[in-house]
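Residue strings, one per chain:
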Amino acid sequence: MQTNGSNAQHTGRPDVIEDGLFINGEFVPSKSGKKFDIFNPATEKWSASVYEADVEDVDIAVQAAKDAFPAWSELNALQRGHYLERWAEALEKALPEISYLDAISMGKPAYPDQLAMMIPMIVRFFAAKALDITGESSLNTANFVNISLRQPYGVCGAITPWNAPCMFLAYKASAALITGNTVVLKSSEKAPLSSLVAARCAKEAGIPPGVLNILSGYGRPCGEAIARHMEIRKISFTGSTATGRAIQKASAESNLKSVSLELGGKSPLIVFDDADLSKAVPAAAMSILMNSGQVCNASSRVYVHTAVAEEFLESLKATMTLMGKSGDPLVQGTSRGPQADKLQFERVMSYLDLAKQSGVNVALGGGREGSEGYFIEPTILTNVPEDSRLTKEEIFGPVLVVNTFSDEEDVMKRANATEYGLYASVFTKDVSRALRFAKRLEAGSVAVNCTSPTMAFDMPFGGWKGSGEGREFSRYATDYWTELKSVYLAL
Ligand code: NAD
């Protein structure tokens, strides 16, 4: 780990680190009494232990959510919005704690924590949607007035990942709650601590008991029990494609609950010979270094035109070295932390081993950084075969594959030759070409002359192909938390 010269420590450590399951408005131990440990990935030292939810705890939480549903769903939508407003206020005050706890669980820099800052904004965005949850009316059938209603599902499940724990919690829970559902949410076993602060904030906001239940636990048995639960009518998941498949299968084998999935990606970034490299280079570097590459829409495959490839690569190496400086996530100004845990570290290292074994050119980095903590060097791999696992699979680390192209049609095909379809970027000054690519790239979002802009909440976010289905944010997000019903009124 390199140091960034500052010693100012983040001051968000809470007086008490909550360890209970949040069920029916209270923090309670798990029925089994079992706990699991969280380790700080920057130091490899123990951070905290929390109660582990089992199948029985899921059943209890679902019952609480079921009991809370009638009153919650019958509230005036503006009243639900008011509860969310109060939740946003409490979350805003708790941001230092949230950032601190994420830093000591999964290594996200806490000072400043740009991802956490979005949490209250997301909750407020959905609070403001209260009056937009409406159906349609039609006079298109003779002698009828027909209307469609948007109604809540009832008890909904949510399963969140560890890379921005409370951000995922905020947008899943707020969209589900504003539409009148009640929720049982499981946080990731790698980073459950900040979600328990969000639970405490919900209590402070006066959200009625049982409306939002938050469980710490593993994918199995806890996540699987949610995915298979017969009383849960809808589930929203963010995480790996493999787990997304397991959740869809669990739904198919149980009650065919509605499933929304936000999964991984191997997003292409295409740099044409007319691109402004002073924009393309930092955007490419930032996209793969943010959160140490542990971002679902990271641009992890670059295709650069041969005419500018050398200049691009030299500049990229310098920029990634500068921007990729790592440090203690709790120290002010650290912009890059370690990988989230030992498992993620070993996973990324296994790809770096593969690169070395397969004779791929390592243009930058390629190994572990320091001897303590799960830090990995910013890495650039070049001339990587298109059929290599390095080009095909999501590495989820600061590892960028850079290949060259000279033909527009060829790069379009290579960009689309992936099981994923979450995000794509194109850098060019030619507007027609930018629009041709925006139209033909197989991805839920296409960025022109940028990579991942700050979340535009009014735009739908989600994947094509193996990157999932359903959309978070925008008006579609509230659509996907509601069932549609048609009502036919004979005149
Ligand atoms: P994961 O899919 O295993 O875990 C995500 C969540 O799913 C966690 O809460 C986990 O406990 C839960 N889960 C695991 N197995 C489950 C099951 N059978 N049923 C129900 N829930 C289950 O992801 P991970 O191991 O944390 O990370 C591995 C890979 O996932 C990453 O390398 C990356 O490719 C991808 N990922 C993507 C995102 C994203 O934002 N799209 C976020 C995190 C991870």
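Residues numbered from 1 in each chain as written. Predicted model: local features only at pLDDT ≥ 70, side-chain atom pairs only at ≥ 80, totals over all residues. Heavy atoms only, no water.

Caption draft 1: Local environment of the UniProt feature "active site" (unreviewed entry) in the chain. When the UniProt feature table is mapped onto this chain, "active site" (unreviewed entry) is found at Glu-262. Position of Glu-262 among the secondary structure elements: in strand β11 (residues 258–262). When sequence neighbours within four positions are dropped, the list of residues in contact with Glu-262 reads Phe-168, Tyr-171, Phe-237, Thr-238, Gly-239, Cys-296, Leu-422, Phe-461, Ser-467 and Glu-472. (UniProt positions renumbered as here; feature names shortened; annotations may be inferred. Helix = DSSP H or I, 4+ residues; strand = E, 2+ residues; numbered from the N terminus. Contact = heavy atoms within 4.5 Å.)

Caption draft 2: Spatial organisation of the environment of Asp-274. Within the secondary structure, Asp-274 is located in the loop between β12 (267–271) and α8 (277–289). Assessed through its relative accessible area of 23%, Asp-274 is described here as partly exposed. For the pair Asp-274 and Asp-430, spaced 156 residues apart in sequence, the C-alpha to C-alpha distance is 7.7 Å. Those residues in contact with Asp-274 that lie beyond four places of it in its chain are Phe-427, Thr-428, Lys-429, Asp-430 and Arg-433. Here the side chain of Asp-274 touches Arg-433 through a polar contact of 3.1 Å, side chain to side chain. (Buried < 20%, exposed > 50% of the residue type's maximum accessible area, 1.4 Å probe, protein only. Polar contact = N/O pair within 3.5 Å; in protein donor to acceptor, adjacent residues only side chain to side chain.)

Caption draft 3: Here's a closer look at the sheet that holds β12. Strand order in the open sheet made by the 7 strands is β14-β15-β16-β13-β12-β17-β18, with mixed pairing throughout. The sheet terminates laterally at β14 (361–364) and β18 (445–448), the two strands that pair on one side only. Along the sheet, successive strands turn relative to each other by an average axial angle of 25°, direction set aside. As paired elements, β12 and strand β17 (residues 423–427) share 3 bridges and run parallel to each other. Of the residues in β17, the one forming a bridge with Leu-269 is Ser-425. (Pairing = 2+ DSSP bridges. Axes fitted to C-alpha atoms, helices over the stretch in contact; angles between N-to-C directions.)

Caption draft 4: Inspection of the site of the ligand at higher detail. Around the ligand, a shell composed of 28 residues is seen, among which Trp-162, Lys-186, Glu-189, Ser-240 and Glu-394 lie nearest. With respect to the ligand, the side chain of Ser-240 contributes an N or O atom lying 2.7 Å from an oxygen atom. At 3.0 Å, a backbone N or O of Leu-263 approaches a nitrogen atom of the ligand. Calculation on the ligand without its partners gives an accessible area of 810 Å², and the protein chains cover 91% of this total. Among the secondary structure elements, those contributing two or more residues to the shell around the ligand are α6 (219–228), β10 (234–238), α7 (241–253) and α10 (342–357). When residues in the shell around the ligand are grouped by element, the largest group, 3 residues, is from α6. Counted by class, the shell around the ligand contains 10 nonpolar, 11 polar and 7 charged residues. (Near = heavy atom within 4 Å. Areas by Shrake-Rupley, 256 points an atom, 1.4 Å probe, with all protein chains shown as cover. Nonpolar A, V, L, I, M, F, W, Y, C, P; charged D, E, K, R; others polar.)

Caption draft 5: Summary view of the pairing of strand β6 (residues 144–152). Pairing of strand β5 (residues 137–138) with β6 involves 2 bridges; the strand directions are antiparallel. The residue of β6 that forms the bridge with Ser-138 is Asn-146. Once β5 ends, the chain turns through 5 residues before running back antiparallel as β6, passing Asn-143 with a positive phi of about 65°.

Caption draft 6: Region of interest: the packing of helix α2 (residues 77–106) against helix α3 (residues 118–127). Put simply, α2 and α3 touch, their axes get as near as 8 Å, and they point 175° apart. Comparing their axes, α3 and α2 come out roughly antiparallel. Each of Gly-81, Leu-84, Glu-85, Trp-87, Ala-88, Glu-89, Leu-91, Glu-92, Leu-95 and Ile-98 in α2 lies in contact with α3, whose residues at this interface are Ile-119, Pro-120, Val-123, Arg-124, Phe-126 and Ala-127. Partitioned by chemical class, the residues of the contact of α2 with α3 number 11 nonpolar, 1 polar and 4 charged. (Parallel < 35°, antiparallel > 145°, perpendicular 65-115°, else oblique.)

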